[in-house]
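Structural characterization, general
Here are the chains, one letter per residue:
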Amino acid sequence: NGGVHDAKNLRVKLVLLGDSGVGKSCIVLRFVRGQFDPTSKVTVGASFLSQTIALQDSTTVKFEIWDTAGQERYAALAPLYYRGAAVAVVVYDITSPESFTKAQYWVKELQKHGSPDIVMALVGNKADLQEKREVPIQDGIDYAEKNGMFFIETSAKTADNINQLFQEIAKRLP
Ligand code: GTP
Ligand code: MG
């Protein structure tokens, strides 16, 4: 087997959730354009971007990415974006315990109101700021495991693990 007829082209709705300032928009910008913006502006409402990746078996996955606004005033809009999403990426900042607590809130919300077969990833971003770390990596690992999520620490600044995040998600698609 392994012939060209095995190639699939998947389209996947993905939503990013997490506290304001954790780096959701920077993760998307790094993934889609290979850039980092240290002066990134807070997202208003939500923004949409798409990016296609190829897997080893020549399947392609087109991620249709909804980058939501983390500020509290936009919280009520979130269901518009996670409803029907095949993938949810819940992001916190490893220097911010408050953002880790907020991530857990989003996981519970997704468990209650998201698609039953949703693929969830927990992402500890800003891994380049090791000297300011306040959330131990083991806390992320444990919480993700308990909730059946994929876990990874990333840095949108250095690009560390950004492509891996999306590759691993693609592998876990049903
Ligand atoms: P909202 O749109 O308000 O929900 O915030 P957001 O989660 O989209 O945050 P954003 O991507 O705009 O990043 C917030 C700040 O964190 C910006 O100043 C970024 O430059 C910075 N930042 C994002 N990712 C990283 C990272 O991996 N490392 C470091 N050191 N800074 C980062
Ligand atoms: Mg943003």
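Higher on the page you've got the structure.
About the cut-offs
Numbering of residues starts from 1 in every chain and runs along the sequence as written. As a convention, the first chain written is A and the first ligand written is 1, with the rest following in written order. Selection of residues for local features in this predicted model requires a pLDDT of at least 70, selection of side-chain atom pairs for listing and counting requires 80 or more, and totals for whole chains, interfaces and linings are taken over all residues. Only hydrogens and water are removed before side-chain values are computed, so all heavy atoms of the structure are retained for them. For our purposes a nonpolar core is just a set of buried Ala, Val, Leu, Ile, Met, Phe, Trp, Tyr and Cys residues, chained together by side-chain atoms within 4.5 Å. Throughout, exposure labels follow a simple rule: accessible area from a 1.4 Å probe, protein chains only, divided by the maximum for the residue type, with under 20% read as buried, over 50% as exposed, and the rest as partly exposed. It only takes one pair of heavy atoms within 4.5 Å for two residues to be counted as in contact. A helix here means a DSSP run of H or I that spans at least four residues, while a strand means a run of E at least two residues long, and both kinds are numbered starting from the N terminus. By this rule the span expected of a helix is its residue count minus one, scaled by 1.5 Å. A side-chain nitrogen of Lys or Arg and a carboxyl oxygen of Asp or Glu constitute a salt bridge if their distance falls within 4 Å. The donor definition counts N, O and S atoms within 2.8 Å of each metal and applies 3.2 Å to Na, K and Ca; water is not among these atoms, so some sites may look incomplete. Only heavy atoms are used to decide nearness, and a residue is near a molecule or strand if one of them lies within 4 Å of it. Polar contact is defined as a pair of N or O atoms within 3.5 Å, subject to the rule that within protein one atom must be able to donate a hydrogen and the other to accept it, and that residues adjacent in sequence are counted only when both atoms are side-chain atoms. Three categories are distinguished: nonpolar for Ala, Val, Leu, Ile, Met, Phe, Trp, Tyr, Cys and Pro, charged for Asp, Glu, Lys and Arg, and polar for the others, with Gly belonging to the last. One requirement defines pairing of two strands: DSSP has to find at least two bridges between them.

1. Some words on the nonpolar core
One finds Leu-14, Phe-63, Ile-65, Val-89, Leu-165 and Phe-166 to be the most contacted residues of the largest nonpolar core, which totals 29 residues. Among residues more than four places away in sequence, those in contact with Leu-14 are Phe-63, Glu-64, Ile-65, Trp-66, Val-87, Val-89, Phe-166 and Ile-169. Grouped together as the second largest cluster of nonpolar side chains are 23 residues, Ala-78, Tyr-81, Ala-88 and Phe-100 included.

2. A closer look at helix α3 (residues 97–113)
With 17 residues, α3 ought to run about 24 Å at 1.5 Å a step, and its terminal C-alpha atoms sit 25 Å apart, in line with that. Listing the buried residues of α3 in full gives Ser-99, Phe-100, Lys-102, Ala-103, Gln-104, Trp-106, Val-107, Glu-109 and Leu-110. Elements in contact with the buried residues of α3: β1 (9–18), α2 (78–82), β4 (87–93), β5 (119–125) and α4 (137–146).

3. Side note on the pattern of salt bridges
Inspection of every chain in the model, using the stated rule, returns six salt bridges. Residues Asp-93 and Lys-126 are paired through a salt bridge, measuring 3.4 Å at the closest nitrogen-oxygen approach. Placement of the pair is Asp-93 in strand β4 and Lys-126 in the loop between β5 and α4, with a sequence separation of 33 residues. Put simply, Lys-171 and Glu-168 hold a salt bridge, and the shortest N to O gap is 3.1 Å. One end of the pair is Lys-171 and the other is Glu-168, both in helix α5 (residues 162–171) and three residues apart, which spans about a single turn.

4. Notes on the coordination of the magnesium ion (ligand 2)
Looking at the magnesium ion (ligand 2), the protein donor atoms are Ser-25 (OG) and Thr-43 (OG1), and they sit 2.1 Å from it. With Ser-25 in helix α1 (residues 24–33) and Thr-43 in the loop between α1 and β2 (46–54), this pair connects stretches of sequence that are 18 residues apart. A relative accessible area of 15% means that Thr-43 is categorised as buried.

5. Overview of the site of ligand 1
Surveying the vicinity of ligand 1 reveals 24 residues, the closest of which are Ser-20, Lys-24, Ser-40, Gly-70 and Asp-128. Pro-38 places a polar main-chain atom, nitrogen or oxygen, 3.3 Å from an oxygen atom of ligand 1. In terms of residue count, α1 provides more of the shell around ligand 1 than any other element does, three residues in total. Of the residues assigned to the shell around ligand 1, the class counts are eight nonpolar, nine polar and seven charged.

6. A word on the pairing of strand β3 (residues 60–68)
The sheet contact formed by β1 and β3 spans eight bridges and is parallel. Residue Asn-9 lies in a different strand from β3, and its bridge partner there is Thr-60. Hairpin connection, β2 to β3: the antiparallel pair is bridged by five residues, and Ser-58 has positive phi, about 65 degrees.

7. Let's talk about α1
Of all ten residues making up α1, seven are buried, and the element is well covered by its neighbours. Those residues of α1 that fall on the buried side of the exposure criterion are Lys-24, Cys-26, Ile-27, Val-28, Arg-30, Phe-31 and Val-32. Structurally, α1 contributes buried residues whose contacts are with β1, β2, β3, β4, β5 and α5. Once α1 finishes, Gly-34 follows within two positions and takes phi at roughly 70 degrees, a positive value.

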